[in-house]
Amino acid sequence: MISVADGQNHVLQSIATVTPSEIVPLRAALGRVLADEVRAPFDVPPADNSAVDGYAVADADIPAENSRDLRVVADLAAGAVFDGALARGQAIHIMTGAPLPAGAGTVYPQEIVQRDGDRVRIGSLAPGANVRCRGEDVASGARIIAAGTVLRPQELGLAASLGLCQLAVHARPRVALLSTGDEVAEPGTTRKPGQIYDANRFALSASVEQCGGAVIDLGIVPDRRDELRARLLEAADMADLVITSGGVSVGVYDLVKDVLEEIGGIDFWQVAMQPGRPLAVGHLGRAHFFGLPGNPVASMLTFLLFVRPALYKMSGRTRLSSDLYPARAAEAMQKKPGRREFKRGVLAWCGDGFEVRTTGPQGSGILSSMVAGNCLVVIEEERGDVKAGEYVLVEPFAGPWPG
Ligand code: AMP
Ligand code: MG
């Protein structure tokens, strides 16, 4: 049996290529992975400009004490440019964002001056106040977004501020998804006695999308060798990665491993973890193959541990793993040494730190534990039972927290 870390390394080493790049408009780029770094073609802001609505003055006109009257010679709206230069004794009424006129070095907010006709009375102020300097956000030539970055709203805004309307991103890896099992029924159809509805294909398909993959939904395959073989070959033909759930354990009808050995290859099977021990990782034609366990919690967890980093690497992402954070165990937790255990937890701030409790029963078929939880509690191989008050590591779930 392989350890979680060795299994993860194995998976990552087997992925040698990233998906090609494609050009998408900024509006379609949220969550995509940048393929070519973005460098600034000019300074942002492109010129010194006013940070407030007020009066631009020459620094030499700022009184060291008391006040001074200046003559207002122009109104400058954002977008307007003052041609000419400010002379001594003059001020310009300037709006936020308007370029600073030549000769001006400081802007008085209009709230701190007195205006009377074409005169404005100013007091003392630090030279350079309320001026946004050319290039203070981004200097021309600077790399502002690295290749491999997942694009968030702020990266898109920054790219737009440079005048870009499209970006080169990595194509989404194509992920074929199949559920296996004679007992598995399609939601929305009538369930026969002994059948259960397919939870995995829906949780996994959403997980694939959350990780930036494009889902090819191939439905449910019965536990029949010839049919499984045909459907897997078909899947491998159209995808970069094939995921099945169920049929990888040691039961008579657990055929996925056998069929994979016949038409592809298994790199490893069985991982020292709980839940999720039966897991078949290998290849099928040019596609990477992940035979995830049938139990719904186990399939989601093995997805997070093994498929997610694979998808991230294929799609060119720089960061392949999530951070773990320490939290105090609010209750005792049972743990067998020798394997890594993952419990569904509820992480909450308790005044002087983060505390985590489990969601209750932790069976690998209890999918409601994933719904009740907002994190995974990750308990390392060498540890035994955890006492209340000891520290454990947690990985918060991605996406919005419930409630
Ligand atoms: P298996 O490894 O195929 O024996 O499946 C283990 C357990 O997971 C069994 O109780 C299955 O009924 C259940 N299971 C398998 N596939 C799914 C699925 N797609 N959705 C929900 N439960 C499943
Ligand atoms: Mg099965």
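Everything discussed here concerns the structure shown above.
This one's a predicted model, so the numbers in the text were calculated from it and none came from an experiment.

J.: Mind showing me how you'd approach the sheet that holds strand 16 (residues 214–221) here?
T.: The pairing of strands in a sheet comes from backbone hydrogen bonds and takes either a parallel or an antiparallel form. In spatial order, the strands read 16-13-17-21-20-18; together these 6 strands make up an open sheet with mixed pairing. Every interior strand has two partners, whereas the edge strands, strand 16 and strand 18 (265–269), have only one. Sheet twist, expressed as the average angle between the axes of neighbouring strands with direction ignored, equals 20°. Note that strand 13 (residues 174–180) and strand 16 share 6 bridges and pair parallel. When the sheet's bridge partners are listed, Arg 174 is paired in strand 16 with Ala 214.

J.: How do you make sense of the side chain of Ser 207 when you look at a structure like this?
T.: In this fold, Ser 207 is placed in helix 3 (residues 200–210). Here Ser 207 falls in the buried class, since its relative accessible area comes to 9%. Beyond its immediate chain neighbours, meaning those up to four positions away, Ser 207 contacts Met 300 and Phe 303.

J.: What exactly am I supposed to notice about the nonpolar core here?
T.: Soluble globular proteins: nonpolar side chains tend toward being buried together. Among the nonpolar cores identified, the biggest contains 35 residues, and Ile 243, Phe 290, Phe 303 and Phe 306 are the most heavily contacted of them. When residues no more than four places from it in sequence are discounted, the contact partners of Phe 303 are Leu 204, Ser 207, Val 208, Cys 211, Ile 243, Leu 292, Arg 308 and Leu 311. Of all hydrophobic cores here, the second largest spans 19 residues; its members include Ala 235, Ala 236, Ala 280 and Phe 289.

J.: So what exactly am I meant to see when it comes to the sheet that holds strand 8 (residues 114–116) here?
T.: Taken together, the 6 strands give an open sheet; going across it, the order is 7-4-6-5-9-8, and neighbouring strands pair in mixed fashion. The open sheet has two edge strands with one neighbour each: strand 7 (106–109) and strand 8. Along the sheet, successive strands turn relative to each other by an average axial angle of 35°, direction set aside. Taken together, the 4 bridges between strand 5 (residues 68–76) and strand 9 (residues 119–122) define a ladder with antiparallel strand orientation.

J.: Looking at this model, I keep getting lost on unusual backbone geometry. Mind explaining?
T.: With the exception of glycine, most residues fall at negative phi, and the peptide bonds are largely trans. Put simply, Val 44 and Pro 45 share a cis peptide bond, and its omega is -10°. Here Pro 45 is to be found in the loop between strand 2 (38–39) and strand 3 (49–50). The residue after Gln 274, namely Pro 275, is reached through a cis peptide bond having omega -5°. For Pro 275, the location among the structural elements is in the loop between strand 19 (273–274) and strand 20 (280–284). One non-glycine residue, Asn 130, lies in positive phi territory at about 65°. With respect to the helices and strands, Asn 130 occurs in the loop between strand 9 and strand 10 (131–132).

J.: How should the side chain of Ser 179 be read in this particular structure?
T.: Looking at the element boundaries, Ser 179 is found in strand 13. Only 2.7 Å separates the side chain of Ser 179 from the side chain of Asp 198, close enough to count as a polar contact.

J.: Sorry, what's going on with the site of ligand 1 here?
T.: As a structural note, the neighbourhood of ligand 1 is formed by 16 residues, with Glu 183, Asp 198, Ala 199, Gly 247 and Gly 294 the closest of them. Within the side chain of Asp 198, an N or O atom sits 2.7 Å from a nitrogen atom of ligand 1. Against a free-state accessible area of 480 Å², the protein chains account for coverage of 75% of ligand 1. Counting only elements with at least two residues in the shell around ligand 1, the list comes to strand 13 and strand 15 (196–197). Here the residues of the shell around ligand 1 are counted per class, giving 5 nonpolar, 8 polar and 3 charged.

J.: In this structure, what is going on with the packing of helix 1 (residues 4–14) against helix 6 (residues 296–314)? I would like to understand it.
T.: When two helices pack together, you describe them by how their axes are tilted relative to each other and by the distance separating the axes. One way to put it is that helix 1 packs onto helix 6 with a least axis distance of 9 Å and a crossing angle of 30°. Relative to helix 6, the element helix 1 is oriented roughly parallel. Relative to helix 6, the crossing made by helix 1 is right-handed. Contact residues: helix 1 offers Val 4, Gly 7, Gln 8, Val 11 and Leu 12, while helix 6 offers Leu 305, Phe 306, Pro 309, Ala 310 and Lys 313. Residues of the contact of helix 1 with helix 6, tallied by class, amount to 7 nonpolar, 2 polar and 1 charged.

J.: Just checking my understanding: could you explain helix 6 for this structure?
T.: Side chains of residues three or four places apart in an α-helix project in the same direction, reflecting 3.6 residues per turn. Given a rise of 1.5 Å per residue, 19 residues ought to cover 27 Å, and the 25 Å separating the end C-alpha atoms of helix 6 matches this to within 8%. Leu 304 marks the point of greatest bend in helix 6, at about 40°. Burial of helix 6 is extensive: 18 of the 19 residues sit out of reach of the surface. Taken from the residues just after helix 6, Gly 316 is the one with a positive phi, measuring 80°.

J.: Would you take a moment to explain the pattern of salt bridges for this structure?
T.: Under the criterion given, the structure shown has 28 salt bridges. Between Arg 383 and Glu 390 there is a salt bridge, with the nearest N and O atoms lying 3.1 Å from each other. Residue classification places Glu 390 among the partly exposed residues on the basis of a relative accessible area of 27%. Residues participating in the shared-partner salt-bridge network are Arg 224, Asp 226, Glu 227, Arg 231 and Glu 234.

J.: Explain helix 2 (residues 153–161) here, please?
T.: Residues of helix 2 that are buried include every one of Glu 155, Leu 156 and Ala 159, and no others. Considered in projection along helix 2, the buried side chains sweep an arc of 100° and stay on one side of the axis. In this structure, the buried side of helix 2 is in contact with strand 11 (143–145) and strand 12 (166–170). Looking one or two places after helix 2, you find Gly 163, whose phi comes out positive at around 85°.

J.: Help me understand the packing of helix 4 (residues 225–238) against helix 5 (residues 256–263), please; the structure alone is not making it clear to me.
T.: Where helix 4 meets helix 5, the axes come as close as 10 Å, and the angle between the chain directions of the two elements is 55°. Viewed along their axes, helix 4 and helix 5 adopt a mutual orientation that is oblique. For helix 4 against helix 5, the interelement crossing comes out right-handed. Contacts between helix 4 and helix 5 involve Arg 225, Leu 228, Arg 229, Leu 232 and Leu 233 on the former and, on the latter, Val 256, Asp 258, Val 259, Glu 262 and Ile 263. Tallied by class, the residues present in the contact of helix 4 with helix 5 amount to 6 nonpolar, no polar and 4 charged.

Reading guide: rules and limits
Residues numbered from 1 in each chain as written. Chains lettered and ligands numbered in written order. Predicted model: local features only at pLDDT ≥ 70, side-chain atom pairs only at ≥ 80, totals over all residues. Heavy atoms only, no water. Pairing = 2+ DSSP bridges. Helix = DSSP H or I, 4+ residues; strand = E, 2+ residues; numbered from the N terminus. Axes fitted to C-alpha atoms, helices over the stretch in contact; angles between N-to-C directions. Buried < 20%, exposed > 50% of the residue type's maximum accessible area, 1.4 Å probe, protein only. Contact = heavy atoms within 4.5 Å. Core = buried A, V, L, I, M, F, W, Y, C linked by side-chain atoms within 4.5 Å. Polar contact = N/O pair within 3.5 Å; in protein donor to acceptor, adjacent residues only side chain to side chain. Near = heavy atom within 4 Å. Areas by Shrake-Rupley, 256 points an atom, 1.4 Å probe, with all protein chains shown as cover. Nonpolar A, V, L, I, M, F, W, Y, C, P; charged D, E, K, R; others polar. Parallel < 35°, antiparallel > 145°, perpendicular 65-115°, else oblique. Left-handed = near helix turned anticlockwise from the far one by under 90°. Expected span 1.5 Å × (residues − 1). Bend = angle between axes of the 7 residues up to and from the residue. Salt bridge = Lys/Arg side-chain N within 4 Å of Asp/Glu carboxyl O. Arc of directions from axis to C-beta.

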